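Analysis of the macromolecular model
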Amino acid sequence: MKKMGLFVLACAVLLSGCRGDRSTKPPIHLNPNMDWQAKYKAQSLPLDLPEGVVAWGDRTSFSKPDSRDTYLKKDSAFYFGKLPSGQFVPRIPVKVTEAMLKRGQERYNIYCSVCHAQSGEGRGLVVQRGYPLPPNLSDERLLTVEDGHIFDVITNGIRNMPSYRKQLVESDRWAIVAYVRALQKMKTATVDDVPESQRGELR
Ligand code: HEC
């Protein structure tokens, strides 16, 4: 009986030792079995793609860019701004809506205006502190480049300008292209661009 009492006491002491203490170390794992082995987990990206593997599915419009981007991207105009021939698409390959322009304005002001200024003229805050001066986005040459070229500049950067592919999914890049076109229009539009019925509202 005395032995039994000691045993119960020992158990109580041992158990109480496991309570209340915090530790950053993982719990002791008495039987590891095969818990820590190199393996693929369901729904995770593979580390090395087997040869000949074919991607499937496409990113939905506003989902996050991911660093190991394995989507199929069959629509070359939308994903690369290029025709199957490799030439830049002349025009934005999706319908431009007011919501898209708003999104473009917001993204432009976040990601581009720091260098290009909200006006597109190019003396943004980062440039005022010494970054190379970008061209005015309403320069003659940039009025005539293909929409696909501007998309490509955002995707891959150009000379002194870094790439923004990680920050901006394709749909956002096109939204910005649409907004850059709107900025250019603001600089170059004439009275003739205003519908006759609305000219009376001009001051
Ligand atoms: C860190 C500063 C910086 C940011 C941010 C930036 N740019 Fe630029 N951008 C530049 C510079 C500098 C150049 C000139 C590159 C050169 O010719 O060396 C340039 C050039 C360009 C050009 C002209 C390319 C050509 O054909 O010569 C376009 C169009 C452009 N940027 C659009 C954008 C858009 C759209 C964004 C936002 C997604 C953006 N930039 C963000 C610095 C920046």
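As a starting point, this report considers the structure included with it. (Residues numbered from 1 in each chain as written. Predicted model: local features only at pLDDT ≥ 70, side-chain atom pairs only at ≥ 80, totals over all residues. Heavy atoms only, no water.)

Quick look at helix 7 (residues 147–156) now. Every α-helical turn comprises 3.6 residues, leaving residues that sit three or four positions apart pointing alike. Burial runs high along helix 7: nine of the 10 residues are buried. Taken residue by residue, helix 7 has D147, G148, H149, I150, F151, D152, V153, I154 and T155 as its buried positions. Next to the buried residues of helix 7 lie helix 2 (76–80) and helix 8 (170–188). (Buried < 20%, exposed > 50% of the residue type's maximum accessible area, 1.4 Å probe, protein only. Helix = DSSP H or I, 4+ residues; strand = E, 2+ residues; numbered from the N terminus. Contact = heavy atoms within 4.5 Å.)

Turning our attention to the coordination of the iron atom of the ligand. Surrounding the iron atom of the ligand are the protein donor atoms H116 (NE2) and M161 (SD), which sit 2.0 to 2.1 Å from the metal. The site at the iron atom of the ligand holds six donor atoms, and with the angles between them running 85 to 179 degrees, its shape is octahedral. Taken together, the residues H116 in helix 4 (residues 113–116) and M161 in the loop between helix 7 and helix 8 connect sequence positions 45 residues apart. Classification of H116 by relative accessible area gives buried; the value is 12%. (Donors = N, O, S within 2.8 Å, 3.2 Å for Na, K, Ca; no water. Tetrahedral: all angles 85-135°; square planar, octahedral: opposite > 155°, others 65-115°.)

Attention now goes to the pattern of salt bridges. The full count for this structure, using the stated rule, is seven salt bridges. Here E98 and K102 are joined by a salt bridge, their closest N and O atoms 3.4 Å apart. Of the two residues, E98 and K102 are both situated in helix 3 (residues 98–111); the distance of four residues between them amounts to about one turn of the helix. Taken together, the shared-partner salt bridges connect R103, E106, R107 and D172 into one network. (Salt bridge = Lys/Arg side-chain N within 4 Å of Asp/Glu carboxyl O.)

Our next topic: the site of the ligand. Around the ligand, the surrounding shell holds 22 residues, and the nearest of these are C112, C115, H116, H149 and M161. The contact in question runs from an oxygen atom of the ligand to an N or O atom on the side chain of H149, over 2.6 Å. Contacts to the ligand include N160, whose backbone N or O atom sits 3.0 Å from an oxygen atom. Those elements giving two or more residues to the shell around the ligand turn out to be helix 4, helix 6 (140–144) and helix 7. Along the lines of polarity and charge, the residues of the shell around the ligand split into 17 nonpolar, three polar and two charged. (Near = heavy atom within 4 Å. Polar contact = N/O pair within 3.5 Å; in protein donor to acceptor, adjacent residues only side chain to side chain. Nonpolar A, V, L, I, M, F, W, Y, C, P; charged D, E, K, R; others polar.)

A few words on unusual backbone geometry. Look at N33: it is not a glycine, yet its phi comes out positive at around 45 degrees. You can see N33 is positioned in the loop between helix 1 (2–16) and helix 2. Taking the relative accessible area as the measure of exposure, N33 reaches 60% and is therefore exposed. Here the phi dihedral of R159 falls at roughly 45 degrees; this positive angle occurs in a residue that is not glycine.

Each aromatic ring pair is specified by the distance between its two centres and by the angle formed by the two planes. Under the definition given, this model contains four aromatic pairs. A centroid spacing of 4.2 Å and a plane angle of 15 degrees characterise the contact between F151 and W174, whose relative ring orientation is stacked. Note that F151 is positioned in helix 7 and W174 in helix 8, a separation of 23 residues in sequence. (Phe/Tyr/Trp six-rings, centres within 6.5 Å; stacked < 30°, edge-to-face > 60°.)

The next subject is helix 3. End to end, helix 3 covers 20 Å across 14 residues, agreeing with the expected 20 Å (1.5 Å per residue, within 8%). Considered for burial, the residues of helix 3 that qualify are M100, G104, R107 and Y108. Each buried residue of helix 3 lies within a common arc of 105 degrees when the element is viewed along its axis, so the set occupies one face. Exposed and oriented more than 90 degrees from the buried face of helix 3 are E98, A99 and K102. Residues of helix 3 that are buried make contact with helix 4 and helix 8. (Expected span 1.5 Å × (residues − 1). Arc of directions from axis to C-beta.)

So yeah, pure geometry; function would need other evidence.
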